[in-house]
Amino acid sequence: MAEGLYKLPQGWRWVRLGEVASKPQYGYTASATTEPKGPKFLRITDITTGEVDWRKVPYCEADEKVLAKYALNAGDILFARSGSIGATMVIKDTPPESAVFASYLIRVRLSKEVLPEYMGLLLKAPLCQSQLVPRGAAQRNINAKHIQQLFIPLPPLSEQRRIVARIEELMARVREARRLRQQAREDAERLWQSVLAETFPRPGADLPEGWRWVKLGEVAAIRYGKANPKKPGLVPVIGSGGIYDHTEAPLVSHLTVIVGRKGSAGEVMLMEEPCWPSDTTFYLEWKCEVCPQWVYHWLRWFKPSPEGTSPTLPSLRREYLESLSIPLPPVSEQRRIVAHLEEVRGHVQALKKAQEETEARLKDLERSILDKAFQGEL
């Protein structure tokens, strides 16, 4: 039946999930509510992280008949049938409150031949994920028949227990490595923020000799960006979401400081090439000799705050930017300090890149552990 996948160790066998599980059951159709009335209503969005935070799961109206049919119990296996295809969940413990599952989930219950913990890990392995989400497929959902046809390797229960324990042991090491990776990334960011805090004095503080406080509007005219021209070209257009389009001619030259005006209000970019700031941004046009990178780093550290914002569309006023107090050393000192900041930032970015590469390797390691486990090689 399952010939052609790979050879299994002695005592294992290939089965279809439908042979060792109940008939798949589609979930309950209802409207979610935050009002604590009725059972918890588990949805696809509640299972995508791999763990259910029952405190955040909403409620729904359901009578005793519905509860009898859709109530969740420890050991239930859930599949997302649309949207987050490939997302699965094992209900490890009986929910703290009565709970049912929503219509875009499918439930199966395993026979006594399969440990739920084993199945939960197997479903996250490349073997099952490739069957749930075939590479290059246009599929956007799965159904009960698809789930029943899943090929799974089935060892004896004692071997299932051993595999689960071994995977958990190795995954604990991966989690610790990930924790250390995240700590290193946070340490790198703290280092950068510490360097910025040592570089830039707080508004109103005493300044070193030769420095002075000025208003941003004294050194730069705050210009509104313009709506995008419609003709395509080769110059980046800068909007509240970043570089997202191209246009026919630059609005500003290189080394331009751009500040988000709407949407990503207060976000700051330094463009080193000619570009077109869109009408969701401001750009700075210098009134005197100043190092653009100095102003850029100061704004990134100061983090302009939107004033009078709408919850859905934060915005900045030009007058607010113009009135900001900025410390201004002589230009030669600006350049010297910027060179130091760029050197430090280069080290910080290298550290962050190394951590990103480590995370990629950890993900590969997780896949490898699961792959080997269900080939009997762990």
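Our structure's up above, just so we're on the same page.
To start, this report covers the structure provided alongside it.

Cut-offs and rules
- Per-chain numbering applies: the sequence of each chain, read as written, is numbered from 1 onward.
- Local features in a predicted model are, by the rule used here, given only for residues with pLDDT of at least 70; side-chain atom pairs are given and counted only at 80 or more, and totals for whole chains, interfaces and linings are based on all residues.
- The basis for the side-chain values is all heavy atoms of the structure; hydrogens and waters are excluded.
- Helix and strand labels come from DSSP, where a helix needs a run of H or I of at least four residues and a strand needs a run of E of at least two; each type is numbered from the N terminus.
- Whether a residue is buried, partly exposed or exposed follows from its accessible area with a 1.4 Å probe, protein chains only, as a fraction of its type maximum: under 20%, in between, or over 50%, in that order.
- Contact criterion: two residues are considered in contact whenever any of their non-hydrogen atoms come within 4.5 Å of each other.
- Residues belong to one nonpolar core when they are buried, are Ala, Val, Leu, Ile, Met, Phe, Trp, Tyr or Cys, and are joined through side-chain atoms within 4.5 Å.
- Think of it this way: a Phe, Tyr or Trp ring, Trp meaning its six-membered ring, pairs with another when their centres are within 6.5 Å, and the plane angle makes it stacked under 30 degrees, edge-to-face over 60, tilted otherwise.
- We call a charge positioned over a ring when the NZ of a Lys or the CZ of an Arg lies within 6 Å of the ring centre and within 35 degrees of the ring normal.
- For two strands to be treated as a pair, DSSP must find at least two bridges joining them.
- Here an axis means a line fitted to C-alpha atoms, over the contact stretch when the element is a helix, while the angle between two N-to-C directions is reported on a 0 to 180 degree scale.
- Our angle categories are set so that under 35 degrees counts as roughly parallel, over 145 as roughly antiparallel, 65 to 115 as roughly perpendicular, and the remainder as oblique.
- Should the near helix be turned counterclockwise from the far one by less than a right angle, the crossing is left-handed, whereas a clockwise turn marks it as right-handed.
- Asp, Glu, Lys and Arg are counted as charged, while Ala, Val, Leu, Ile, Met, Phe, Trp, Tyr, Cys and Pro are counted as nonpolar; the rest, among them Gly, fall into the polar class.
- When a carboxyl oxygen of Asp or Glu lies within 4 Å of a side-chain nitrogen of Lys or Arg, that pair is called a salt bridge.

**Looking at the overall build of the protein chain**
A count of helices and strands for the protein chain gives 9 helices and 17 strands. Residues classed as buried in the protein chain amount to 43% of the 378 residues present. Expressed as a percentage of contacts within the protein chain between residues at least 6 apart in sequence, the contacts between residues at least 24 apart total 72%.

**Observations concerning the nonpolar core**
Nonpolar side chains in soluble globular proteins generally cluster together in the buried interior. Counting residues in hydrophobic clusters, the biggest one holds 42 residues, and the most contacted among them are Leu17, Phe79, Tyr118, Met119, Ile167 and Phe374. Those elements that place two or more of their residues in this core are β1 (13–16), β4 (77–80), β7 (105–108), α2 (116–124), α3 (126–132), β8 (151–154), α5 (157–199) and α9 (331–373). Top contributing element to this core by residue count: α5, with 6 residues. Leave out the neighbours within four places in its chain, and tyrosine 118 touches Trp12, Pro153, Leu154, Pro155, Gln160, Ile163, Val164 and Phe374. Membership of the second largest hydrophobic core comes to 37 residues, among which are Leu284, Tyr320, Leu328 and Ile337.

**Some points on the packing of aromatic side chains**
Evaluation of the coordinates by the stated rule reveals 10 aromatic pairs. When the centroid spacing of 4.9 Å and the interplanar angle of 65° are considered together, the rings of tyrosine 6 and tryptophan 14 count as edge-to-face. Relative accessible area serves as the criterion here: at 13%, tryptophan 14 is assigned to the buried category. With a centroid separation of 5.4 Å and 35° between ring planes, the pair formed by tyrosine 28 and tyrosine 70 is classed as tilted. Residue tyrosine 28 is found in the loop between β2 (25–26) and β3 (40–42), and its partner tyrosine 70 is found in helix α1 (residues 64–70); the two are separated by 42 residues along the sequence. The same class applies to tyrosine 28 as to tyrosine 70, namely buried. Feature note: the residues Tyr28, Phe41, Tyr70 and Phe101 constitute an aromatic cluster, connected by ring pairs. Geometry around phenylalanine 151 places arginine 16 over its ring, the cationic atom sitting 3.6 Å from the centre.

**Looking at the sheet that holds strand β16 (residues 281–286)**
Judged by pairing direction, the sheet is antiparallel, and its 4 strands sit side by side in the order β10-β16-β13-β14 without closing on themselves. Of all the strands in the sheet, just β10 (220–224) and β14 (268–271) have a single pairing partner and so form its edges. In this sheet, neighbouring strand axes are inclined to one another by 30° on average, regardless of whether the strands run parallel or antiparallel. In the sheet, strand β13 (residues 256–260) pairs with β16 via 3 bridges, with the strands oriented antiparallel. Along β16, the bridge assignment pairs glycine 260 with threonine 281.

**Some thoughts on the packing of helix α7 (residues 292–302) against α9**
The geometry of α7 relative to α9 is characterised by a closest axis approach of 9 Å and an angle of 55° between their N-to-C directions. Between α7 and α9, the crossing angle belongs to the class labelled oblique. At the point where α7 passes α9, the crossing takes the left-handed sense. Residues Gln293, Trp294, Tyr296 and His297 of α7 pack against Gln334, Ile337, Val338, Leu341, Glu342 and Arg345 of α9. The residue makeup of the contact of α7 with α9, split by class, is 5 nonpolar, 3 polar and 2 charged.

**Looking at the sheet that holds β4**
Adjacent strands of a sheet form backbone hydrogen bonds with each other and so pair up, either parallel or antiparallel. Across the sheet, 4 strands lie side by side as β2-β7-β4-β5; this open sheet has antiparallel pairing. At either end of the open sheet lies a strand with only one pairing partner, and these are β2 and β5 (88–90). Two elements, β2 and β7, share 2 bridges in a ladder whose sense is antiparallel. Looking at the pairing, tyrosine 26 lines up with isoleucine 106 of β7.

**Description of unusual backbone geometry**
In most cases, non-glycine residues show a negative phi, while peptide bonds are predominantly trans. Although it is not a glycine, lysine 303 adopts a positive phi angle of roughly 55°. Assignment of secondary structure puts lysine 303 in the loop between α7 and α8 (318–323).

**Re the environment of leucine 72**
Mapped onto the fold, leucine 72 is located in the loop between α1 and β4. The class for leucine 72 is buried, based on a relative accessible area of 4%. For leucine 72 and alanine 99, which are 27 residues apart along the polypeptide, the C-alpha to C-alpha distance reads 5.7 Å. In this structure leucine 72 touches Leu42, Trp54, Leu78, Ile91, Pro95, Ala99, Val100, Phe101 and Arg107, once residues within four positions along its chain are discounted.

**What about the pattern of salt bridges?**
If you walk through the whole model with that rule in mind, you get 23 salt bridges. Among the ionic pairs, arginine 13 bridges to glutamate 113, the shortest N-O distance being 2.7 Å. Separated by 100 residues along the polypeptide, arginine 13 in strand β1 and glutamate 113 in the loop between β7 and α2 bring together distant segments of the chain. Residue glutamate 113 is classed as partly exposed on the basis of its relative accessible area, which comes to 35%. For aspartate 76, the salt bridge goes to arginine 109, with nearest N and O atoms at 2.8 Å. Of this pair, aspartate 76 sits in the loop between α1 and β4 while arginine 109 is found in the loop between β7 and α2, placing the two residues 33 residues apart along the sequence. You can call aspartate 76 buried: its relative accessible area is 2%. You can call arginine 109 partly exposed: its relative accessible area is 35%. Within this structure, Arg178, Arg181, Glu359 and Glu366 form a network of salt bridges that share partners.

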